[in-house]
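Geometric and topological summary
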Amino acid sequence: MRISVYGAGYVGLVSAVCLAKLGHHVICADINEDKIKLLASGECPIFEEQLPDLLNEQLKTGHLQFSSDISYAIGQTTIHVIATGTPGNPDGSADLTQVFAVASQIAHETNSNCLLITKSTVPVGTGDQLEALVQTILNNSKKSYRVDVVSNPEFLREGSAVHDFLNADRIIIGGEPETLKPLHLMYQPLVDNGISLLTMSRKSAELAKYTANAMLACKISFINQISRIAEEVGADIDEIRLGIGSDGRIGPHFLRAGIGYGGSCFPKDGRALAQTARTLGIETNLLDAIDAINDQQKNWVVEQLNKHFNHQLKNITVGIWGLAFKPDTDDMREASSLVIIKALIKAGSKLRLYDPVAMSAARNVLPEDKLITWCKSAGHVCEEGIDALVIATEWQQFKNYPLSLLVKNLAGAPLIDGRNCFSLTKAKDANLTYYSVGRPKILSTERKVHDAG
Ligand code: UDX
């Protein structure tokens, strides 16, 4: 099939490359000329496992093309996948400007019947609005083409997006059965591999996407709230997770307590769903609580530091391991590290920061500040006698860091582990002063006497 994908962001780029891998001829179009030039030369602008190799492989086969000429992409096919961004508006609703702009250009320029597939995350009812917009444009230009609009949300995780596309738990397509036929063909190679293709109404498909994200975010905020109770009473949230996760009705996934979720989807999509509900006059208590608990959880690190240092954070030196919102990505959007860093700068602490891949992304979003030292490695963070070390992202290299070396470097300074990277037994055996989420605190027998000077 010949397919045009509009938007070379996370979703568009991964979808385009993977659709080419499935054997389709794909044009990925984006108005950002620099990005398109980079991609056409085989350079991948985002940090994403497997993507650079697959991008170059598909460029070589000739199945994949990049263009900054949207009209060219429109003219090459009748299957149009819209994968542009839907950033959050100040009131939480999704900004659909880019989605509408692409749809209206297609309606203006199409010379045949065609199909619009929305892959961007759009509020329920957007398909109806797109259909009305397109029809108005066709009527005004006295064109009698038929333009169908269907929904095909994505469920890709950053860091494993290629894997998730090619090994999806399910594919959802929403629209009238007749209009969905091309999508059955498009995904046939994945269906042949045993992946289920679920067909439903367009509105159900649109809402299913938000529901999946809200459910996952709900699980995280739920376990984080329980972790507060566990911490207070001396229970262990990881044992509790095992205890409940083995119940088939609950399942073990997305129940890791930590310092809150971030990224480009959960926070933004949760707020957009709540905003949709509010406009329908529906109470949003649960959706609001998921968001509020997440915000509170991002303060957990600073709360522990305040307890440990008796609210005297000025002039102490805090090392932070991990800046990205999660491992295996350089994405800093809504990262918990940002909340910690901003609070510590406000308190006058000196910071030594390190992330294996997100250093330049972090420098782009954090203001230059004399309190910040950008470090070269995890070990470099701990040099020069830090007063506390924080883990904000659970990169494998931190989990593998030799505890004997860490204990030596920390010399009794506390490790505030926001992602529960180490077992309590290991931390105790290593003689660490160790604070972790929802688990009993461990105190080293060699506590450092704090002198911030
Ligand atoms: C998510 C969805 O998983 C994906 O289906 C959707 O398309 C986009 O949003 P992503 O944002 O890439 O993907 O990250 P994900 O791996 O889902 O993690 C989201 C956040 O939740 C991270 O900040 C992570 O640290 C946190 N998390 C995840 C927890 O705190 N605990 C968990 O048990 C799982």
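Because the structure is a prediction, the values reported are computed rather than measured.

Reading guide: rules and limits
- Residues numbered from 1 in each chain as written.
- Predicted model: local features only at pLDDT ≥ 70, side-chain atom pairs only at ≥ 80, totals over all residues.
- Heavy atoms only, no water.
- 1 Å grid on protein atoms, 1.4 Å probe; cavity = no way out; pocket = protein on both sides within 12 Å on 5 of 7 lines; lining within 4 Å.
- Points joined across faces, edges and corners; volume = space filled by probe spheres on them.
- Helix = DSSP H or I, 4+ residues; strand = E, 2+ residues; numbered from the N terminus.
- Nonpolar A, V, L, I, M, F, W, Y, C, P; charged D, E, K, R; others polar.
- Near = heavy atom within 4 Å.
- Polar contact = N/O pair within 3.5 Å; in protein donor to acceptor, adjacent residues only side chain to side chain.
- Areas by Shrake-Rupley, 256 points an atom, 1.4 Å probe, with all protein chains shown as cover.
- Expected span 1.5 Å × (residues − 1).
- Buried < 20%, exposed > 50% of the residue type's maximum accessible area, 1.4 Å probe, protein only.
- Salt bridge = Lys/Arg side-chain N within 4 Å of Asp/Glu carboxyl O.

On to the layout of surface pockets, then. By volume, the second largest pocket is sized at about 200 Å³. Looking at the second largest pocket, the residues that line it are Ser93, Ala94, Leu96, Pro123, Val124, Thr126, Gln129, Ala272, Gln275, Thr276, Thr279 and Leu280. Secondary structure elements with two or more residues in the lining of the second largest pocket: helix 6 (126-140) and helix 12 (266-279). It is helix 12 that provides the largest number of residues to the lining of the second largest pocket, a total of 4 residues. Per-class residue counts for the lining of the second largest pocket are 6 nonpolar, 6 polar and no charged.

Here we come to the site of the ligand. In the neighbourhood of the ligand, 18 residues make up the surrounding shell, with Phe155, Leu156, Glu158, Arg256 and Lys326 lying closest. At a separation of 3.1 Å, an oxygen atom of the ligand approaches a polar side-chain atom of Lys209. Backbone polar atom of Gly262 to an oxygen atom of the ligand: 3.0 Å apart, as the coordinates give it. Here the ligand, which alone exposes 670 Å², has 94% of that area covered by the protein.

With 32 residues, helix 10 (residues 202-233) extends 47 Å between its outermost C-alpha atoms, agreeing within 8% with the 46 Å of an ideal straight helix rising 1.5 Å per residue. Downstream of helix 10 by a residue or two, Gly234 has a phi angle that is positive, lying close to 85°.

Despite not being glycine, Asn310 has its phi angle at roughly 50°, a positive value. Inspection of the secondary structure puts Asn310 in the loop between helix 14 (300-308) and strand 9 (317-321). Look at Asn310 and you get exposed, because its relative accessible area is 57%. In this model, Glu384 sits at a positive phi of 65°, which is unusual for a non-glycine residue. The topology assignment puts Glu384 in the loop between helix 17 (378-382) and strand 12 (388-391). Looking at Glu384, the relative accessible area reads 68%, which means it is exposed.

Attention shifts here to the pattern of salt bridges. Taken as a whole and assessed by the stated rule, the structure comprises 20 salt bridges. The shortest N-O distance in the salt bridge between Arg271 and Asp291 comes to 3.3 Å. You can see Arg271 sitting in helix 12 and its partner Asp291 sitting in helix 13 (residues 285-297), a full 20 residues away along the chain. According to the relative accessible area criterion, Arg271 is partly exposed, its value standing at 29%.

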